[in-house]
Amino acid sequence: MTNYDLSTLFDPKGIIITGVSNHPGKFGFVTLHNLLVSGYEGNIFPVGREPSEALGRPVLGSIDEVPDGAADMIFICTPQAINEDLLRAAAAKGVTAAFFAAAGYREAGPEGVEAEQRLVALADELGVAVAGPNGQGVVSTPSKMCAQIVAPYAPAGRIAIASQSGNFVSSFLNLSHHTGVGISRAVAAGNAAVLGIADYVEWFADDPETDVCLVYMESVDNGREMFDRLRAVAERKPVVVVKGGASDAGARAAASHTGALASDDAVFDGMCRQAGLIRARDVEEAFETAATIATQPLPKGDRVVVVTTVGGWGVAAVDAMAGSRLEATPLPDDLYAAIDEKLPPRWSKNNPIDMAGGETRDTVPEIMELAAAHPDVDAVLFLGLGIQSNTAAMMREGEFYPDHGLERIVNFHERQDARYAEAAAEISQRTGTPVLLATELANARPDNAGPAAAHAAGQMCHSSAGRAIRSLDLMARYSNWRRSRGL
Amino acid sequence: MSITLSEAESRRVVAGHGVPVSPFVTGTSTDEVIAAANADSTVVYPVVAKLCGRAIAHKTERGLVKLRLADEAALRSACDDLFAAARPDDGDVEVLVSTMVDGNRELIAGLNDDPQFGLTIMLGVGGILAEAIRDVVFRLVPITEVDAGEMIDDLATQRLLEEFRGEPAVDRQALVEALVALAEVGEQEAGVRSIDLNPMILVDGKPVAVDALIEIDAAEASR
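Reading guide: rules and limits
- Residues numbered from 1 in each chain as written.
- Chains lettered and ligands numbered in written order.
- Predicted model: local features only at pLDDT ≥ 70, side-chain atom pairs only at ≥ 80, totals over all residues.
- Helix = DSSP H or I, 4+ residues; strand = E, 2+ residues; numbered from the N terminus.
- Rg over C-alpha atoms; globule rule 2.2 N^0.38 Å.
- Buried ≥ 20, exposed ≤ 12 C-beta atoms within 10 Å, placed from the backbone.
- Contact = placed C-beta atoms within 7 Å.
- Pairing = 2+ DSSP bridges.
- Axes fitted to C-alpha atoms, helices over the stretch in contact; angles between N-to-C directions.
- Domains from an automatic or database assignment.
- Nonpolar A, V, L, I, M, F, W, Y, C, P; charged D, E, K, R; others polar.
- Arc of directions from axis to C-beta.
- Expected span 1.5 Å × (residues − 1).
- Left-handed = near helix turned anticlockwise from the far one by under 90°.

### Re the overall build of chain A
Phase 1: When its secondary structure is counted, chain A shows 18 helices and 20 strands.
Phase 2: Against the compact-globule benchmark of 23 Å for 487 residues, chain A has a radius of gyration of 26 Å, which places it among compact chains.
Phase 3: The dimensions of chain A, computed from C-alpha atoms along their principal axes, are 80 × 70 × 35 Å.
Phase 4: Across the 487 residues in chain A, those meeting the buried criterion constitute 55%.
Phase 5: For chain A, the share of sequence-separated contacts (at least 6 apart) that also reach a separation of at least 24 residues comes to 73%.

Here it is as structure tokens:
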């Protein structure tokens with residue numbers, strides 16, 4: 001556990017930005033711009049080499065001009081050589097957290113290594129929580145704060161991100177925009193001179209704004225300590241991990257068979273399984289899984305019911321379950337009977353529940369509800385969202401619209417799909433059973449009423465059955481990890 | 001620097017922590033070996049006899065493994081040959097005699113001191129094909145019984161663990177206990193760098209190691 005309090009890094013009441021000029025290409029300017037645009041409501045004190053103005057704001061010539069106690073965070077974009085003095089001056093004003101976007105440290109050769117060592121000592125001396133250096137910034141939606149030298153900001157939500165790569169912070173935030181599933185915090189660890197992934201994730205574990213942690217890591221410096229710390233977090237909140245550099249360079253020289261079989265990836269994977277870390281294969285899968293966890297209850301077991309409007313998608317979903325711990329559970333007798341009453345005789349009479357076009361106005365929500373509420377069903381996947389609105393889109397865009405009754409049917413289709421997405425969210429919350437949605441329209445036609453309604457509600461809509469199943473499988477594994485340990 | 005204990009030494013260490021190994025006795029002369037074999041009712045013919053010593057790395061290549069010895073006369077003759085094959089630079093040697101156990105399925109288990117995570121335990125599909133198949137799972141030592149059970153679940157080749165060619169399904173509890181015992185060796189014995197139990201044969205579904213090698217820090221070995 002770090003001795004530093006990260007509260008002022010993520011929820012500062014005032015921020016000093018160094019290196020601000022009126023040149024819109026400079027990091028200090030961009031950071032000021034992003035903070036203003038994201039709607040940060042605390043005090044902002046841009047500081048530059050000389051007094052000036054940027055974005056209509058006065059730029060101070062020195063940190064000395066900042067009123068005592070008005071800022072508790074500093075964002076540093078200035079050259080390495082002057083930053084120690086700036087940090088001292090800021091600490092004297094009451095600053096307790098710093099984000100060092102500045103480069104010129106460990107990544108920059110022997111002199112940089114020394115500068116980084118001095119920075120670590122100075123952080124300790126001043127009691128300032130230092131993030132970075134050489135990082136892209138920190139985002140915190142509860143404080144409407146986009147303190148970053150790059151874009152984007154993101155919608156508010158319950159995912160907290162810590163990344164050893166700044167680029168992937170941007171990737172995750174872009175995916176947040178794309179899916180509509182928001183984030184609470186995001187931080188690029190940079191060189192992680194003082195604060196590392198485990199420090200951030202431990203803080204997220206205590207953060208009431210966060211439900212799930214999302215981590216990108218490349219290097220593991222102190223593996224055993226990281227294991228112990230992340231396992232303790234996983235006992236409290238789900239932690240999704242994606243690791244870069246996972247493929248092993250090849251067999252290493254080892255005296256033993258066991259050593260020869262111990263690829264970095266195999267050992268890392270075992271560590272994740274033991275610690276309850278939810279390991280995703282790539283950045284997209286990591287985000288989608290975190291987004292599903294952030295917006296759905298965890299499945300209590302492995303039994304999935306697939307509800308679909310046509311056969312092929314259901315087949316794909318069941319195929320995707322091969323090699324996972326999930327199973328397309330045979331329909332319990334009472335559930336079968338209840339569904340049979342709702343559908344014409346040509347329905348599949350099996351799981352996947354292929355409604356075979358037999359659905360009327362309320363059928364889809366009713367069947368999702370029946371399945372989700374059944375005690376022997378742990379998760380529901382609905383495929384076919386948006387198909388009616390897809391037809392409607394062609395009608396709306398064609399030359400006959402709105403005549404010939406097209407306007408009325410288009411509106412009906414779009415209302416129906418929006419209803420399905422809303423019903424999935426509502427049913428999952430009420431029953432405690434996750435109800436996942438998947439359609440390629442989430443990517444192909446995000447304006448389609450189905451995925452658009454999910455997006456507007458901040459609800460994850462996967463772009464294929466396979467991806468939904470993969471997220472669900474990772475959730476089921478974590479759920480099983482918890483159950484096996486009495487958590 | 002590390003050194004590798006002989007198979008006989010390694011077996012004594014792991015067996016002392018409850019790791020199941022095939023029944024065995026050892027001796028430093030033919031008469032001693034025969035007497036020990038006769039005195040231990042768990043060692044039953046046919047047996048295998050091996051010349052063991054810390055400096056002997058490649059027993060099979062040097063012909064120091066005598067298989068399928070059907071009776072005492074065959075064992076006596078094998079022991080004479082093995083002791084005669086010892087070279088001066090082999091150092092202290094002994095002959096290990098163990099019951100030949102039967103089973104079609106082989107697992108591998110072991111410990112390895114990982115540069116990032118410290119001592120780890122491995123379970124895999126084993127035998128001579130282990131490094132080609134690479135169906136292995138790791139955990140960090142120590143492990144609980146729950147961790148050990150999940151290691152078994154995480155193997156890709158689950159069918160090998162089910163009922164197989166007339167042999168019963170793997171005794172999961174026995175395998176869990178073997179893994180926990182193996183991890184305990186790493187926790188309680190000083191200086192363990194690696195352990196190989198390869199193969200562990202499934203005998204009536206229960207794992208039995210028929211070979212064991214422990215690599216330890218040289219500093220610990222000289223104590």
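### Regarding the pairing of strand β7 (residues 118-125) of chain B
Residues and elements named next belong to chain B.
Phase 1: The buried fraction of β7 amounts to seven of the eight residues, a majority that puts the element mostly inside the structure.
Phase 2: When strand β6 (residues 106-114) meets β7, the two strands line up antiparallel, connected through eight bridges. Bridge pairing in β7 places asparagine 112 opposite threonine 120.
Phase 3: Here β6 folds back onto β7 in antiparallel fashion, the turn holding three residues.
Phase 4: Sheet topology places β7 next to strand β8 (residues 136-140); five bridges connect them, and they run antiparallel. Among the inter-strand pairings, methionine 122 is bridged to a residue of β8, identified as phenylalanine 138.

### Brief notes about the sheet that holds strand β1 (residues 14-18) of chain A
Residue and element names in this part refer to chain A.
Phase 1: Strand order in this open sheet of five strands is β2-β1-β5-β6-β7, and the pairing throughout is parallel. Each of the sheet's edge strands pairs with one partner strand only, and the pair in question is β2 (43-47) and β7 (129-131). Sheet twist, expressed as the mean angle between neighbouring strand axes with direction ignored, is 15°.
Phase 2: Note that β1 and strand β5 (residues 73-76) share three bridges and pair parallel. Residue pairing across strands places isoleucine 15 opposite methionine 73, the latter belonging to β5.
Phase 3: Along the sheet, helix α3 (residues 80-92) makes contact with β1, β5 and β6 (97-100), crossing β5 at roughly 165°.

### So, the domain arrangement of chain B
Phase 1: Parsing chain B into structural domains produces domain 1 (23-99) and domain 2 (106-221).
Phase 2: Averaged C-alpha coordinates put domain 1 of chain B and domain 2 of chain B at centres separated by 26 Å.

### Re the interface of chain A and chain B
Phase 1: Between chain A and chain B, the residue contacts involve 20 residues of the former and 31 residues of the latter.
Phase 2: The set of elements that each furnish at least two residues to the side of chain A that touches chain B consists of α7 (223-234), α8 (257-261) and α9 (264-275) of chain A.
Phase 3: Ranked by residues supplied to the side of chain A that touches chain B, first place goes to α9(A) with six residues.
Phase 4: Looking at side-chain class alone, the side of chain A that touches chain B contains nine nonpolar, eight polar and three charged residues.

### Here's the deal with the sheet that holds strand β10 (residues 156-163) of chain A
Residues and elements named next belong to chain A.
Phase 1: Across the sheet, which stays open at both edges, the seven strands sit in the order β9-β8-β11-β10-β12-β13-β14 with mixed pairing between neighbours. Each edge of the open sheet is held by one strand with a lone partner, namely β9 (145-148) and β14 (278-279).
Phase 2: When strand β13 (residues 239-243) meets β14, the two strands line up parallel, connected through two bridges. Within β14, the residue paired with valine 241 across the bridge is arginine 279.
Phase 3: Across the sheet, helix α6 (residues 197-206) is in contact with β10, β11 (183-188), β12 (212-217) and β13; its angle to β12 comes to roughly 170°.

### Digging into helix α11 (residues 311-321) of chain A
Residue and element names in this part refer to chain A.
Phase 1: Within the sequence span of α11, burial applies to Trp313, Gly314, Ala317, Ala320 and Met321. The arc that holds the buried residues of α11, viewed along the axis, is 120°, so those residues lie on one side. Turned more than 90 degrees away from the buried face of α11, the exposed residues are Gly311, Gly312 and Asp319.
Phase 2: Tucked inside the fold, the buried residues of α11 contact β15 (303-308), β16 (327-328), β17 (353-354), β18 (379-383) and α18 (465-484).
Phase 3: Directly beyond the C-terminal end of α11, a positive phi value near 85° is found at glycine 323.

### What to know about the domain arrangement of chain A
Residues and elements named next belong to chain A.
Phase 1: Here chain A is described as being made up of domain 1 (7-291) and domain 2 (297-484).
Phase 2: The C-alpha-based centres of domain 1 and domain 2 are spaced at 37 Å.
Phase 3: Taken together, the contacts link 14 residues of domain 1 with 13 residues of domain 2.
Phase 4: No other element matches helix α10 (residues 283-295), which puts four residues into the side of domain 1 that touches domain 2.
Phase 5: Within the side of domain 1 that touches domain 2, the residues separate by chemical class into six nonpolar, six polar and two charged.

### Focus: α18(A)
All names here are of chain A.
Phase 1: For α18, built from 20 residues, the straight-helix expectation of 28 Å at 1.5 Å per residue is met to within 8% by its first-to-last C-alpha distance of 28 Å.
Phase 2: Across the 20 residues of α18, 15 count as buried, placing the element largely inside the fold.
Phase 3: Glycine 486 sits one or two residues past α18 and shows a positive phi near 70°.

### Looking at the packing of α11(A) against α18(A)
Residue and element names in this part refer to chain A.
Phase 1: Axis separation between α11 and α18 bottoms out at 8 Å; the angle between their running directions is 35°. Considering only the axes of α11 and α18, their crossing is right-handed. Of the residues in α18, those in contact with Trp313, Ala316, Ala317, Ala320 and Met321 of α11 are Ala465, Gly466 and Ile469.
Phase 2: Here the contact of α11 with α18 is built from residues that sort into seven nonpolar, one polar and no charged.

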